[in-house]
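Secondary and tertiary structure notes
Residue strings, one per chain:
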Amino acid sequence: MSDIKLFRLSSGKATELLGDASDLEKPLQTLIEANLEPLLGIRFLATEYSTGKTHGGRIDSLGLDENNCPVILEYKRSVGENVINQGLFYLDWLMDHQAEFKLLVMDKLGNAAADAIDWSAPRLVCIAADFTKYDGHAVQQINRNIELIRYRRFGDELLLLELANATSGGNGRPTGGRAPKAAAIEATPLKPAARDRSFAEWLPLLPAHLAELLSSLEDYVMSLGDDVQRKELRLYLAFKRLKNFATVVAQKNRLLLYLHLNPADLGPLPAMGRDVSQQGHWGTGDVELSLTSQADLDTAKPLISMSYLGRSTTGQGRSDA
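Heads up: these notes are all about the structure in this document. Bear in mind that the values here come from a model prediction, so they are computed numbers and not experimental data.

Backbone-to-backbone hydrogen bonds pair the strands of a sheet. The strands run either parallel or antiparallel. If you walk across this open sheet you meet the six strands as β3-β4-β5-β6-β7-β8, and the pairing is mixed. What marks the edges here is a single partner per strand, and that holds for β3 (42-50) and β8 (158-167). The mean inter-strand angle of the sheet, taken between neighbouring strand axes irrespective of direction, is 25°. Bridging between β3 and strand β4 (residues 58-65) involves seven bridges; their strand directions are antiparallel. What sits directly across from Ile-42, in β4, is Asp-65. Set on the sheet, helix α5 (residues 98-109) makes contact with β3, β4 and β5 (70-75); between it and β3 the angle comes to about 125°.

Rendered as structure tokens:
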């Protein structure tokens, strides 16, 4: 178990709170499912979802994340349980049952969310009291989007979630698997038109100074902490910890950076910034910064750091039309 300690400070004295890392039971799964969006930025869809007679299994939890990617959550209830292999089995089932998943999203979240599902980066999230070094090594060898999250409870009021390991992969299948149909990646009626270029298509078209600026931006964001994950989605680039804290949309003459900050708490925004909490846009976050130069990036850095640290946040950024 990672050496994380939590203390209560009272009258100048520190008292350690002893955490509970016992096997994950059903009540804790239910608690996590009821709070998936504030905890992990995932919209809850179903619990103990049956994969049918052929596969003969039950997915612990199904969800749709803030980037509109399908998410399978599996909970490790005992030391001997191999949730990674089990989750990979369900991930393959999911890619073969996209229509069924879409109907589930349509029923729970509506037609707009169903139309916006992004099949390019389905995720497997494994939650456990702890993972072995072999679990971490196995994840790094697999070309999938897998996250290992440790939990610890401190009494009835405190729950700690820690990202133990994460890896980014392809579309949910090993190399050579069937490529999924590309889809929009907004959770609302805002959908990409046929003329919309993907983020990957924009990269070779960027002028030299913007390509260099994007590289500098990525270097800065990734340097903020070992827990930063880079997720390249169809229409934007996302940086996340347990949830997104920054997203980048490429355009012909600028980079649009969106941060998970509450504009009302920030005071006057820089000249290149604006409040987009009531406007539709690609990516997630309520503060938009238009970057065209290194000077713009230098101005943005304190706000990026603030978003990374989770200060002045509103939770999941809007991405609606």
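What follows deals with helix α10 (residues 294-308). If you check α10, its first and last C-alpha atoms are 20 Å apart, about what 15 residues at 1.5 Å a residue would give, namely 21 Å. Taking the largest bend as the criterion, α10 deviates by roughly 40°, centred on Ala-300, and proline Pro-302 comes between one and four positions later. Buried within α10 are the following residues: Asp-296, Leu-297, Ala-300, Leu-303, Ile-304, Ser-307 and Tyr-308. Buried-residue contacts for α10 involve α9 (208-222), β11 (244-250), β12 (255-259) and β14 (287-291). Phi for Gly-310, located one or two positions after α10, is positive at around 80°.

The pairing of strand β1 (residues 6-10) with strand β2 (residues 13-17) spans five bridges and is classified as antiparallel. Pairing of Phe-7 across the sheet is with Glu-16, part of β2. Taken together, β1 and the strand that follows it, β2, pair antiparallel across an intervening segment of two residues, in which Ser-11 is found at a positive phi of about 55°.

In contact at an axis separation of 11 Å, α9 and α10 are set at 25° when each is read in the N-to-C sense. With respect to their mutual orientation, α9 and α10 come out roughly parallel. The handedness of the crossing between α9 and α10 comes out as right-handed. For the pair α9 and α10, the contacting residues are Leu-213, Ser-216, Leu-217, Tyr-220 and Val-221 in the first and Gln-294, Leu-297, Lys-301, Ile-304 and Ser-305 in the second. For the contact of α9 with α10, the class distribution of residues is six nonpolar, three polar and one charged.

Analysis parameters
Residues numbered from 1 in each chain as written. Predicted model: local features only at pLDDT ≥ 70, side-chain atom pairs only at ≥ 80, totals over all residues. Heavy atoms only, no water. Pairing = 2+ DSSP bridges. Helix = DSSP H or I, 4+ residues; strand = E, 2+ residues; numbered from the N terminus. Axes fitted to C-alpha atoms, helices over the stretch in contact; angles between N-to-C directions. Contact = heavy atoms within 4.5 Å. Expected span 1.5 Å × (residues − 1). Bend = angle between axes of the 7 residues up to and from the residue. Buried < 20%, exposed > 50% of the residue type's maximum accessible area, 1.4 Å probe, protein only. Parallel < 35°, antiparallel > 145°, perpendicular 65-115°, else oblique. Left-handed = near helix turned anticlockwise from the far one by under 90°. Nonpolar A, V, L, I, M, F, W, Y, C, P; charged D, E, K, R; others polar.

In short, geometric facts, not functional conclusions.
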